[in-house]
Amino acid sequence: MMEHYVESFLPVCNPYEHQDTILERICKWQTVFFIEMMRGLQLNLFEGDAYKGKNPKYSISYYQDNKYRICGEIIATSLVQGGPAPNFFSTWSYHFLCHGQVTNEDLLEVTDTEIQNLIQKVEDAEGETLRDLSDAIVACGYTGPIHSDRKKAIIDAIRLHSGIRLIPMLTQLREGLAINGLDELLPHHHQVFQPLFLPGNLKEVDADFILQALSPQFSEKGSVRHRKEVNIINFLQDFLQNLEGQGTENQDGSPSNGCGAKQLSVQGFFQWVSGQAHVPLTDAERDSYRITVNFDHDCTSRYGSHTLCYPIVNACAVAITFPTHHLTTYDDFENILTQAVCGGFDFSRH
């Protein structure tokens, strides 16, 4: 992905020429794997509003293929590895994962669009129009009288039907959680795990979090090198705040991984640096989280005369190295950093 940049700025220092250790490359790809898998699970096996909570899709085919058990195994393994968390479950589906049953107190959120439409039709229907919905109502298991003064009972039955039919999927998913013993922990610590499964509880990655986590390795104060390093940190602060002002997201609410100055997001930058697009899951991890910032002042002595160097990241060590010789203005900083993130986002070497 970097070829066109290399051709434009020859001669150039290529940050991807450094040999990664096997352990580092495994670490990088493992983190990316869980991020992409969690996103894929949410989009393909669940339905509903990401901000309100999702239910598993009603799919006998997925159930027959054991996809929900595999989903549970991936979720359990991701949590053991430190995330990302599956914070997209509806409240009642999470309670089922914890306790293995549906109670009368559970409010069964309906996420299936056909059943949502049926409920809306029942709410709006009167007289003969309501009776025209008899077949659909009876198919949901309601066997009482169908007339206007029974609307609440009809809608409650439809809601219950929408949840009960998902029990096999949730049961299979719960079996998958057993891979790391998570199925035994959830019933006893359901309040502790709740922020990891329900939306709206985890802190989103923002510019403030990244800036507070920065740990610059400055040169001696008062030196020319120190002034250059401070300027780069100021450029980085402006860069992140500009990205945050754009607020780029996908339609499902997840951060955009698009590239270019107008498509890149704070979450995308954080994933490039650290390998993950989410903040650490616990308060202790968040408080101690650090991003080491190093500065390279000697690229000309190593590479000779050249036009451009890109910043280098080490996702396992959560560190980034900026080439000071090429980042003298904010425009240079924005252009070079954007190219580096876009060209190296997937941790590829090309």
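Residue positions are counted from 1 within each chain, in the order its sequence is given. Where local features are concerned, this predicted model is filtered to residues with pLDDT of at least 70; where side-chain atom pairs are given and counted, the filter is 80 or more; whole-chain, interface and lining totals use all residues. Only hydrogens and water are removed before side-chain values are computed, so all heavy atoms of the structure are retained for them.

Going by what an unreviewed UniProt entry lists, the protein chain is known as HECT domain-containing protein and is assigned to Xenotaenia resolanae.

Remarks on helix α10 (residues 167-176)
Three or four residues apart is the spacing at which side chains of an α-helix point the same way, because the helix has 3.6 residues per turn. Buried residues of α10: Met 169, Leu 170, Gln 172, Leu 173 and Gly 176, and no others. Around the axis of α10, the buried residues are gathered within 160° of arc, so they sit on the same side. Its buried side turned inward, α10 meets β2 (46-49), β3 (53-56), α3 (60-64), α4 (67-80) and α5 (91-99). Classification of residues uses two cut-offs on accessible area relative to the type maximum, computed with a 1.4 Å probe and protein chains only: under 20% is buried, over 50% is exposed, and between them is partly exposed. A helix here means a DSSP run of H or I that spans at least four residues, while a strand means a run of E at least two residues long, and both kinds are numbered starting from the N terminus. Throughout, the arc means the angular range of directions from the helix axis out to the C-beta atoms. Every residue pair with non-hydrogen atoms within 4.5 Å of one another is taken to be in contact.

Notes on the pairing of β3
Strand pairing follows a simple DSSP-based rule, namely that at least 2 bridges must link the two strands. Of the strand pairs in this sheet, β2 and β3 are connected by 4 bridges, and their pairing is antiparallel. Following the sheet pairing, Gly 48 is matched in β3 by Lys 54. Between the antiparallel neighbours β2 and β3 lie 3 residues.

Structural notes on the sheet that holds strand β5 (residues 291-296)
Ordered in space as β4-β5-β8-β7, the 4 strands form an open sheet in which the pairing is mixed. Here the strands that pair on one side only, and so sit at the sheet edges, are β4 (214-216) and β7 (312-314). Averaged over neighbouring strand pairs, the angle between their axes works out to 25° when direction is ignored. Here β5 runs beside strand β8 (residues 319-323); their pairing, made up of 5 bridges, is parallel. Along β8, the bridge assignment pairs Val 293 with Ile 320. Interaxial angle, 0 to 180 degrees, is taken between N-to-C directions of lines fitted to C-alpha atoms, where a helix line uses only the stretch in contact.

Quick notes on the side chain of Ser 78
Along the polypeptide, Ser 78 turns up in helix α4. A relative accessible area of 0% places Ser 78 in the buried class. Setting aside residues no more than four positions away along its own chain, Ser 78 makes contact with Phe 34, Met 38, Gly 83 and Pro 84.

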